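Spelled out from the first residue to the last, the chains are:
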Amino acid sequence: MLLLGLMSGTSLDGVDFALCECRGRSQIRLRELWSQDFSKTLARRLHGAARGEASSWETAQLHHDLGRFYAAAAHHGLTQRKLRADAVGLHGQTIFHRPPQRAVRKSASASALPDSSAATFQLGEPAYLAEALRVPVVSNFRAADLAAGGQGAPLATLFHRVVFARRGEFVAVNNLGGISNVTALDWSDGKIPEPRVLAFDTGPANVLLDLAMRELTGGRQSCDLHGRWAGRGRAKPELAARWLKHRFFAQPPPKSTGREEFGEPFFRQVLADCRRARLSPPDILATLTWFTARSIARNYDHFVRNAAGQLPGRVLLGGGGAANPVLREHLAAALAELAPALRLQSCEDHGWPRQAVEPAAFALLAHYRLRNWPGNLPGTTGAARPCLLGQITVAG
């Protein structure tokens, strides 16, 4: 099957499309990749919704407007390239994600008793894609895992295992989107049939850097392109050390997070700290970049070691943050302090463009759903059982 995966992440800047060929449970090949930026108006509305500023009718309107945007961009992209898709995997745009605040309990019948405070919501009505492309659309992937007591994240783990696991190696895949998530694939013991898998969110990646750029440029720039601002500044580790005391970094997996934890409210706190310390704008970006890298490394030190106490031999970076050389340098330095022999690489070094990994992951999950195969890994999300992820929308 040819599956079209769509992913728009917590950076709220646009959507990535990956057309993939899927065969069986463990074969996926990238056929085509493209992106479409959100208009400034649409991005502004999405930011407002993510901050909880949209009314119910504004949220409903945005849900349908975004669905139409996805449909038009997908149809145009396929038509322009003279391609087709047999089905679509639509992640949608997350505007709220609150994972369970306690572990899953079991009733006498062994069914999960989900945390009543957990919730997740992705915008983007799938019916427009189904109508425009006349193929099934799988969407709302996270809810089933959440209902089974899981975090509803991370869900790209299946793709990481299928594509990047290597017998005899211990490797990690780290996506640097708005939020950073890591998948550790320990196949050091080549005699076992599958790698041992651990996956979780480590905290912020680009989200604080993007918020800072919008704040410091009055909205004229939405990201620190190639780390240019951070590269001109000097980091203040003593200031960032306070932020590393955040409870999330010490919380053991399974765990997931989003803008609710590391979005606007957290950014306002750290920005106030920076301004009290009289940091220049480049110094603010440098300090936030240093903090981001160190928060990731702290998670590796505490939670990504295997049974022998070793860290991965290689870390493969994906997502927009992989293109930020200053973030990469800080992360390489932080990880080298923990394991000098650790190699920092890119997913592109292994045949997958950094922007393709996330949409391809949801293409694979859609393939699994259409085959009625569970797509979550309960050991990584914390769910009580393997689940069929996603709901299927078909054109009438």
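Refer to the preceding data block for the structure.
Residues numbered from 1 in each chain as written. Predicted model: local features only at pLDDT ≥ 70, side-chain atom pairs only at ≥ 80, totals over all residues. Heavy atoms only, no water.

Caption draft 1: Spatial organisation of the sheet that holds strand E10 (residues 179–186). Read across the sheet, 5 strands follow the order E11-E10-E9-E12-E13 without closing on themselves; strand pairing throughout is mixed. Of all the strands in the sheet, the pair left with one neighbour each is strand E11 (196–204) and strand E13 (343–346). When strand polarity is set aside, the average angle formed by the axes of neighbouring strands in this sheet is 20°. Where strand E9 (residues 170–176) and strand E12 (residues 314–318) come together, 5 bridges link them in parallel fashion. Bridge pairing in E12 places Val171 opposite Arg314. The sheet strands contacting helix H13 (residues 325–338) are E9, E12 and E13, and the helix crosses E13 at an angle near 150°. (Pairing = 2+ DSSP bridges. Helix = DSSP H or I, 4+ residues; strand = E, 2+ residues; numbered from the N terminus. Axes fitted to C-alpha atoms, helices over the stretch in contact; angles between N-to-C directions. Contact = heavy atoms within 4.5 Å.)

Caption draft 2: Structural context of helix H5 (residues 157–164). Across the 8 residues of H5, 6 count as buried, placing the element largely inside the fold. Looking only at H5, the buried set comprises Thr157, Leu158, Phe159, His160, Val163 and Phe164. (Buried < 20%, exposed > 50% of the residue type's maximum accessible area, 1.4 Å probe, protein only.)

Caption draft 3: Region of the structure containing the side chain of Asn206. Relative to the elements of secondary structure, Asn206 occurs in the loop between E11 and helix H6 (207–216). Relative accessible area serves as the criterion here: at 9%, Asn206 is assigned to the buried category. Ignoring sequence-local partners within four residues, the contact set of Asn206 consists of Ser11, Leu176, Gly177, Gly178, Gly320, Gly321 and Leu327.

Caption draft 4: Seen up close, the packing of H5 against helix H14 (residues 357–370). In contact at an axis separation of 8 Å, H5 and H14 are set at 100° when each is read in the N-to-C sense. Taken together, the axis directions place H5 and H14 in an arrangement best described as roughly perpendicular. Contacts from Leu158, Phe159, His160, Val162 and Phe164 of H5 reach H14 at Val357, Ala360, Ala361, Leu364, Leu365 and Tyr368. For the contact of H5 with H14, the per-class residue count stands at 10 nonpolar, 1 polar and no charged. (Parallel < 35°, antiparallel > 145°, perpendicular 65-115°, else oblique. Nonpolar A, V, L, I, M, F, W, Y, C, P; charged D, E, K, R; others polar.)

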